[in-house]
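Structural overview
Now for the letters of each chain:
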Amino acid sequence: MSINLAIVYYSSTGTNYQMAKWAEEAAQEAGANVKVLKVEELAPKEAIESNPAWKEHYEATANVPVASSDDIEWADAIIFSTPTRFGNLPSQMKQFLDMQGGLWANGKTINKVVSAMSSASNAHGGQEATVQALYTSMMHWGAIIAAPGYTDPVQFASGGNPYGVSVTVDQDGNMVEDVKDAVKHQAKRTIEVASLINKG
């Protein structure tokens, strides 16, 4: 039975969108049914338009579907990809999680297999803390966390974050570490764990 995977991301200038697309590619290779979904943008139009890279990405991804509770209920597994904001989740991602109270109350989040990825503008900018903050919410959901750990040597090549792939983004918006293969490994591992759960 194919795994339904929702890749839920927030991205202002495109880093986490790119990571989501790499995860999508790997999950499809693994035979999963995949949806790439963005969370709702909460920033005012003035803020978006004041940053050319943000404005460009916002317009380029206008047709990406916005994640909903129905998508979470549909999914057997979820990969979240999000930048850090002061070592924590950005408000856009946090609001999306907070809006899933109805699903949680009805037991619809139990045993979802989840994994998370992050980015920041420097190597110690809160990536790990952001992933762990998201995982705290997932524990409340009763979800099963599929962290990559050190299950493949590719983790070391990408920076060695065992909680979830993380990347540093320079001032020009370029990823410093080469994380594509690590993202793909994390996606395939998430599908593998979800398959084991579904088989019972």
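Structure report, in brief. (Residues numbered from 1 in each chain as written. Predicted model: local features only at pLDDT ≥ 70, side-chain atom pairs only at ≥ 80, totals over all residues. Heavy atoms only, no water.)

Across its full length, the protein chain carries nine helices and six strands. Taking 16 Å as the expected radius of gyration for a compact globule of 200 residues, we find that the protein chain reaches 16 Å, a close match to that expectation. Taking the principal axes of the C-alpha coordinates as reference, the protein chain spans close to 50 × 40 × 30 Å. Counting across all 200 residues of the protein chain, residues that qualify as buried make up 49%. Long-range pairs, those at least 24 residues apart, make up 77% of the contacts in the protein chain with a sequence separation of at least 6. (Helix = DSSP H or I, 4+ residues; strand = E, 2+ residues; numbered from the N terminus. Rg over C-alpha atoms; globule rule 2.2 N^0.38 Å. Buried < 20%, exposed > 50% of the residue type's maximum accessible area, 1.4 Å probe, protein only. Contact = heavy atoms within 4.5 Å.)

Bridge analysis of strand β1 (residues 4–9) against strand β2 (residues 33–38) gives six bridges, and the strand direction is parallel. In the strand pairing of β2, A6 is matched with K35. One crossover worth recording links β1 to the parallel β2 by way of helix α1 (residues 15–29), and it is right-handed. (Pairing = 2+ DSSP bridges. Right-handed = clockwise from strand over helix to strand, strands pointing away.)

As a further point, take the side chain of K112. The residue K112 is located in the loop between α6 (101–105) and β4 (113–120) in this model. No salt bridge is formed by the buried K112, whose closest oppositely charged neighbour, D76, lies at an N-O distance of 5.9 Å. One polar contact links the side chain of K112 to the main-chain carbonyl oxygen of E73, over a distance of 2.9 Å. Beyond its immediate sequence surroundings of up to four residues, K112 is in contact with I72, E73, W74, A75, D76, I78, A143 and I144. (Lys, Arg positive; Asp, Glu negative; His and termini not counted. Salt bridge = Lys/Arg side-chain N within 4 Å of Asp/Glu carboxyl O. Polar contact = N/O pair within 3.5 Å; in protein donor to acceptor, adjacent residues only side chain to side chain.)

Once that is clear, we can look at the nonpolar core. Core analysis: the largest hydrophobic core is formed by 30 residues, its most contacted members being L5, I7 and V183. With residues up to four places along the chain from it excluded, the contact list for L5 reads A27, N33, V34, K35, W74, A77, I78, I79 and I191. Grouped together as the second largest cluster of nonpolar side chains are 26 residues, A75, A116, V131 and W141 included. (Core = buried A, V, L, I, M, F, W, Y, C linked by side-chain atoms within 4.5 Å.)

Another point: the pattern of salt bridges. All told, the structure shown has nine salt bridges when counted by the stated rule. Here K184 ties to E25 by a salt bridge, and the two come within 2.9 Å at their closest N and O atoms. Of the two residues, K184 is situated in helix α9 (residues 180–199) and E25 in helix α1; the sequence distance between them amounts to 159 residues. K184 sits in the buried class, given a relative accessible area of 13%. Each of E25, E29, K184 and K188 takes part in salt bridges that share partners, so that together they form one network.

Buried residues of helix α5 (residues 91–98): Q92, M93, F96 and L97, and no others. Each buried residue of α5 sits inside an arc of 135 degrees when the element is viewed along its axis, so together they form one side. (Arc of directions from axis to C-beta.)

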